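# Observations on the three-dimensional arrangement
Listed here are the chains, written in short residue letters.
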Amino acid sequence: MPEQLLFAMEVTLNGLMAGVLYALVALGFVLIYKASGIFNFAQGVMALFAAMTLVGIMEGQVPFSHLINGVLGTDVHHFGWHVPGALAILLTVGVMVILAWAVQRFVFRHLVNQEPIILFMATIGLAYFLEGLSDLMWGSEIRTLNVGLPQGINETIDRVTYDLFGYGFFIDNLDIVASVIAALLVAALVAFSQYTKQGRAMRAVADDHQAALSVGISLNYIWVLVWSLAGFVALVAGIMWGTKSGVQFSLSLIALKALPVLMLGGFTSIPGAIVGGLIIGVGEKLFEFLLGSALGGATENWFAYVLALLFLLFRPQGLFGEKIIERV
Amino acid sequence: MLDASEGYTTADGRKIGGPVMEMKNITLRFGGVKAITDISFDIREGEIRAIIGPNGAGKSSMLNVISGFYVPQEGEVWFRGAKRAPMKPYEVARQGIARTFQNIALFEGMSVLDNVMTGRLTHMTSGIFAQAIWKGKAEAEETANREIAEKVIDFLEIQHIRKTPVARLPYGLKKRVELARALAAEPKLLLLDEPMAGMNVEEKEDMSRFILDVNDEFGTTIALIEHDMGVVMDLSDRVVVMDYGKKIGDGTPDEVRTNQDVIDAYLGVAHD
């Protein structure tokens, strides 16, 4: 097999796995947007906050230690214990649920029936608030996150592909694990929304608020539920990206990568988020591989946005979004 | 006059029980506009009770008060012998009051079966963790509720569209699906907001038959709003007549028909 084709295959595989992570972030947006019509600008910061909290809990860091020390003149930083990864993840899920409740109780409950733009502005405020809260609770240094996920080149794939093609594929173990986990998470979310009572209620609320009320669904409860789920998705995304490149402010910028994914997939479609993520992941890697050097490199920085722009021009509802029909 | 504490027997021999719902001196305002002024009436167990009146009489507002979408400024709402505190629509639904809407509020993206199953939500009690792992109680509960949903679907003769997304159905069938969803809740009181609005004669006849059958078969107490006088008179046991937010008549269809105020309201005598 020609070497160029082998390269392309390897690049495609890597692209698919990056795409799964994009899809994961986009999924958090879709969950909230479907159920409440809120475009949650804070989704990326939620991932940062979740990852920060996870690291903080694992390392036994005292939350708000700078604040406490500053006010009381003490010098506490750590509890002196280490929490195992699995338990720390559970605790972080708990924190994200509390956050979801607080967001609903103190922000969006007061904004029911407001214009979408106002809800959107509120999420921008929420993003800045969370960013500050994250700094205040856990500090702003770059942290490493290790919950025991395997990292480094997968030697089996390297060896097998070398034996087959005479060229070993470089695939990171973390990418494989991340893809598998993301795929499982998506499957679980779909099953949850299709086959459980809460899932049915979630879909009902996404469809029609008034009708949902009339069959005894509490909108508040469902909104807390979807914000919790979005928080959980953010945590998973935060773990993957945090393990890969450290937990730091730039983690919150992955939300920006999710925007083109949403343009492609549509804001209201879970399958759309997945397919959109994969297309962008593969597209940007292949584009860089094929045309990158001709265009001066670093095309990955803008490829997704240009693709999204093209979609906005020719198919604004995305691949799977609800059709926009103008009635006259 | 009827005695409030005891029931009565209808012309066709059905036994009607004591009051399920009592509205006492209800007044509802929107800013300075009075939508309902000091109205009292009751709905008895097992009866079909109609609220009629010309457009803008306040019928829908009254239904929205009963189902908790509006909270009246004055008056008391009594349900099954207890005074009801102001509550949210979903809490009212959980008490056993199901409703349909004038402009159909279905879950358009979901299948007919899923829509009807949402009607069962108030009867499903297993927690979110049981639901998430989908074992034991959650599974048994789903099966039991599914059976009831299927029974309602059979009863309203919509088996053939069970799996069809609601968005694809014609208007008349949507109305029927909405009735099915309300009925699936096995409500103690069923509220129908203009169940026949926008239907042709044949669809109206079907809907009338279903309403009578539901009342007959399950003994469901039904309160309905309609401005088509003919339909109401045939269907209902007792009728409340509203005009300009006030009650102008209350009684059996025959009593109401001969009430001078009602005749004036419908024929459009000038108000002084």
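The model shown is predicted, which means the values in this text are computed figures rather than measured ones.

## Considering the overall build of chain B
Scanning chain B from terminus to terminus reveals 10 helices and 12 strands. Computed over C-alpha atoms, the radius of gyration of chain B comes to 19 Å, within 12% of the 19 Å expected from 2.2 N^0.38 for 272 residues, which places it in the range of a compact globule. Expressed as a percentage of contacts within chain B between residues at least 6 apart in sequence, the contacts between residues at least 24 apart total 67%.

## Side note on the domain arrangement of chain B
A common way to report how large an interface is uses the accessible area buried once the components associate. All names here are of chain B. When cut into domains, chain B gives domain 1 (1–96 + 187–272) and domain 2 (109–185). On a C-alpha basis, the centroid separation for the pair domain 1 and domain 2 is 27 Å. If you list the elements that add at least two residues to the side of domain 1 that touches domain 2, you get helix H2 (89–95) and helix H7 (201–218). When residues in the side of domain 1 that touches domain 2 are grouped by element, the largest group, 4 residues, is from H7. Each residue belonging to the side of domain 1 that touches domain 2 can be placed in one class, and the counts come to 8 nonpolar, 1 polar and 2 charged.

## Regarding the interface of chain B and chain A
On the side of chain A, 19 residues touch chain B, which itself brings 26 residues to the contact. Elements represented by at least two residues in the side of chain B that touches chain A include exactly H2, helix H3 (112–118) and helix H4 (128–133) of chain B. Looking at the side of chain B that touches chain A, the element that brings in the most residues is H2 of chain B, giving 4 residues. For the side of chain B that touches chain A, a count of residues per class yields 15 nonpolar, 6 polar and 5 charged.

## Some points on the sheet that holds strand S4 (residues 33–44) of chain B
All names here are of chain B. The 4 strands are arranged S4-S3-S6-S7 in an open sheet whose pairing can be described as antiparallel. Pairing within the sheet leaves two strands with one partner each, and these edge strands are S4 and strand S7 (82–83). The sheet contact formed by strand S3 (residues 19–30) and strand S6 (residues 74–79) spans 5 bridges and is antiparallel. Bridging across to S6, Met 23 finds its partner in Val 77.

## Let's talk about the pairing of S6 of chain B
Look at any regular strand and the pattern is simple: side chains alternate between the two faces of the sheet. Residues and elements named next belong to chain B. Relative to S7, S6 runs antiparallel, the two sharing 2 bridges. By the bridge assignment for S7, Trp 78 is matched with Lys 83. Linkage of S6 to S7, two consecutive antiparallel strands, is achieved through a turn of 2 residues, within which Arg 80 is found at a positive phi near 50°.

## What about the UniProt feature "transmembrane region" (unreviewed entry) in chain A?
Residue and element names in this part refer to chain A. Residues given the UniProt feature "transmembrane region" (unreviewed entry) here are residues 12–33, 45–64, 84–103, 110–130, 176–196, 217–241, 261–282 and 289–314. Span residues 45–64 is 70% helix and 0% strand, its end C-alpha atoms 18 Å apart. Between the end C-alpha atoms of residues 110–130 the distance is 19 Å, and the span holds 71% helix and 0% strand.

## Considering helix H4 (residues 85–106) of chain A
Residue and element names in this part refer to chain A. For H4, built from 22 residues, the straight-helix expectation of 32 Å at 1.5 Å per residue is met to within 8% by its first-to-last C-alpha distance of 31 Å. Along H4, the positions that sit buried rather than exposed are Ala 88, Ile 89, Thr 92, Met 96, Leu 99, Ala 100, Val 103 and Gln 104. In an axial view of H4, the angular spread of the buried residues amounts to 150°, which keeps them on one side of the axis. Set apart from the buried face of H4 by more than 90 degrees, the exposed residues are Leu 87, Leu 90, Ile 98, Ala 102 and Phe 106. Buried residues in H4 make contact with helix H2 (43–58), helix H5 (116–138) and helix H10 (219–245).

## Digging into unusual backbone geometry
All names here are of chain B. A positive phi angle, close to 50°, is found at Arg 80, a residue other than glycine. Tracing the sequence through the fold places Arg 80 in the loop between S6 and S7. Of note, the phi angle at Tyr 244 is positive, near 45°, even though the residue is not glycine. By the secondary structure assignment, Tyr 244 is in the loop between strand S11 (238–243) and strand S12 (246–251). Tyr 244 gets classed as partly exposed once you count the C-beta atoms within 10 Å, which come to 15.

## What about the pairing of strand S10 (residues 222–225) of chain B?
Residue and element names in this part refer to chain B. Residues Ile 222 and Leu 224 point to one face of S10 and Ala 223 and Ile 225 to the other, with burial holding for every one of them. Of the strand pairs in this sheet, strand S5 (residues 48–52) and S10 are connected by 4 bridges, and their pairing is parallel. Residue Ile 51 lies in a different strand from S10, and its bridge partner there is Ile 225. Both strand S9 (residues 189–193) and S10 contribute to a ladder of 4 bridges, which runs parallel.

## Section: helix H13 (residues 303–314) of chain A
What sets the pattern is the α-helix's 3.6 residues per turn: residues three or four places apart point alike. All names here are of chain A. Across its 12 residues, H13 extends 17 Å between first and last C-alpha, which sits within 8% of the 16 Å expected from 1.5 Å per residue. Within the span of H13, buried status applies to Phe 303, Ala 304, Leu 307 and Phe 311. Axial view of H13: buried residues confined to an arc of 95°, hence all on one face. Buried-residue contacts for H13 involve helix H11 (254–265) and helix H12 (270–291).

Rules used throughout
Residues numbered from 1 in each chain as written. Chains lettered and ligands numbered in written order. Predicted model: local features only at pLDDT ≥ 70, side-chain atom pairs only at ≥ 80, totals over all residues. Helix = DSSP H or I, 4+ residues; strand = E, 2+ residues; numbered from the N terminus. Rg over C-alpha atoms; globule rule 2.2 N^0.38 Å. Contact = placed C-beta atoms within 7 Å. Domains from an automatic or database assignment. Nonpolar A, V, L, I, M, F, W, Y, C, P; charged D, E, K, R; others polar. Pairing = 2+ DSSP bridges. UniProt positions renumbered as here; feature names shortened; annotations may be inferred. Expected span 1.5 Å × (residues − 1). Buried ≥ 20, exposed ≤ 12 C-beta atoms within 10 Å, placed from the backbone. Arc of directions from axis to C-beta.

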